[in-house]
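# Survey of secondary and tertiary structure
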Amino acid sequence: MSQPPALTDPRAIAPFLLSLAMVPLAVIGAVHGGWTVILLPAYGFVVFSILDAILGLNPDNADPDTDDADLIWYRAITMAWPAVQFVTLFWLIWYVARADHLGVWETLLLLYGVGTMTGAVGIVYAHELLHQRNRTERWLGDILLSMTLYSHFRTEHLLVHHVHVATPRDAVTARYNEGFFHYFWRVLRDCPRSAWRAEAHRLEKRGKSPFDRANPFWRYAALQGAMLVLALVLGGATGLVLFIIQAFFAVWMLELTNYVEHYGLTRKYLGNGKFEHVKPHHSWNAAHRATNWLLINLQRHSDHHYKPDRRFPLLQTHGPEQAPQLPHGYPRMATLAMVPPLWRRRMNPRVRKWRAMYYPEITDWTPYKAGRHAD
């Protein structure tokens, strides 16, 4: 069997550039209208589902100890995307706000596709950037999030989700038998509040007020306000509405992904308010090759939560002995999640199998569902 190309080999880097194809598809949809507005969402959902079926799974893992200097081109991919997305998004707002050849449904479908780009790609790239230690990459992540009006995701993800994942304390972990639509509105309600509490608690430990300028919520508000003003300047009231609609679709895409990544999985409660350490089997893994190219290995989510500091090319895929496996890549799973009866029929047996495999000693899962644990 042939060895996979080295990380420094352009053949290994090139597939992760497939997200760039979304830019011309967005432009074509805006300029030509009609049936072309479906090209962008079809690229993310249909094309990559087909490619997953053709190309199958990728079991290859890079050396996790690879030096950061050898990953310069992978870092460049994520660091260049904020500028690409910024120019594309605001050109579209300027153009569509003045276009008279796009009907209401054409515009909504186009914005759904744009939300696919800013959510399924933009927020995924922001996620990679926010996990890095240097200020430049984190700032770029903040800029990407501000384009979707979801800046609190940085705090929620780093200070809440990674700490409390797969426990009732994490709003983003979808409960067993919870449908996506209930989950979505619950997350929109709970996550901004939990992110604010996390920052307030962090500042309190440093003897500072929650309203101190060190609170990143001031930066979040400034960046999001700047994006809203820019949309208003470029497209007037219409441009502002267009921006908000694409942001909603982007958040929809993000939370669909979050829903899929942790559905029904729970860390064991140890008593005294403590849960076991995060392990690979506390997130769903998907080794589908093509979608991992588009989403820069996000589907290797079991390893991401196990080793959050790893850059995306170094994330490991875990086999069924170490982590639960999704039957399909994220595009097909996200589509399935929007039909709750079909989702439960497909995923609930897998969750029950996971429970029996990892926690045969737990016979009553009610406290995990209710979010209460009696010592």
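Above this note sits the structure.
Residues numbered from 1 in each chain as written. Predicted model: local features only at pLDDT ≥ 70, side-chain atom pairs only at ≥ 80, totals over all residues. Heavy atoms only, no water.

## Overview of the pattern of salt bridges
Taken as a whole and assessed by the stated rule, the structure comprises 14 salt bridges. Notably, a salt bridge pairs Arg 193 with Asp 190, separated by 2.9 Å at the nearest N-O pair. Pair noted here: Arg 193 and Asp 190 are both in helix H8 (residues 180-205), with a separation of three residues, about one helical turn. Using a relative accessible area of 17% as the deciding quantity, one classes Asp 190 as buried. Its salt-bridge partner being Lys 279, residue Glu 276 comes within 3.5 Å of it at the nearest N-O pair. In this structure, a network of salt bridges that share partners links the residues Asp 68, Arg 75, Glu 137 and Arg 311. (Salt bridge = Lys/Arg side-chain N within 4 Å of Asp/Glu carboxyl O. Helix = DSSP H or I, 4+ residues; strand = E, 2+ residues; numbered from the N terminus. Buried < 20%, exposed > 50% of the residue type's maximum accessible area, 1.4 Å probe, protein only.)

## A short note on a nonpolar patch on the surface
A cluster of nonpolar side chains, Val 46, Ile 50, Ile 54 and Leu 55, forms an exposed patch at the surface whose accessible area comes to about 360 Å². Looking at where Val 46 falls in the secondary structure, it is placed in helix H3 (residues 39-55). (Patch = residues over 30% accessible without salt bridge, like charges linked within 9 Å, V, L, I, M, F, W, Y side chains within 5 Å. Areas by Shrake-Rupley, 256 points an atom, 1.4 Å probe, with all protein chains shown as cover.)

## Some details on helix H4 (residues 72-96)
A turn of α-helix holds 3.6 residues, and therefore any two residues three or four places apart point the same way. With 25 residues, H4 should cover 36 Å at 1.5 Å per step; its first-to-last C-alpha distance of 36 Å lies within 8% of that length. If you look at H4, its biggest bend is around 30 degrees, right at Trp 81, and the proline Pro 82 turns up within four residues after that. For H4, the set of buried residues is Tyr 74, Ile 77, Thr 78, Trp 81, Pro 82, Gln 85, Thr 88, Leu 89, Phe 90, Leu 92, Ile 93 and Val 96. The inward-facing, buried residues of H4 contact helix H1 (10-13), helix H2 (22-32), helix H5 (104-130), helix H6 (135-146) and helix H9 (216-262). (Expected span 1.5 Å × (residues − 1). Bend = angle between axes of the 7 residues up to and from the residue. Contact = heavy atoms within 4.5 Å.)

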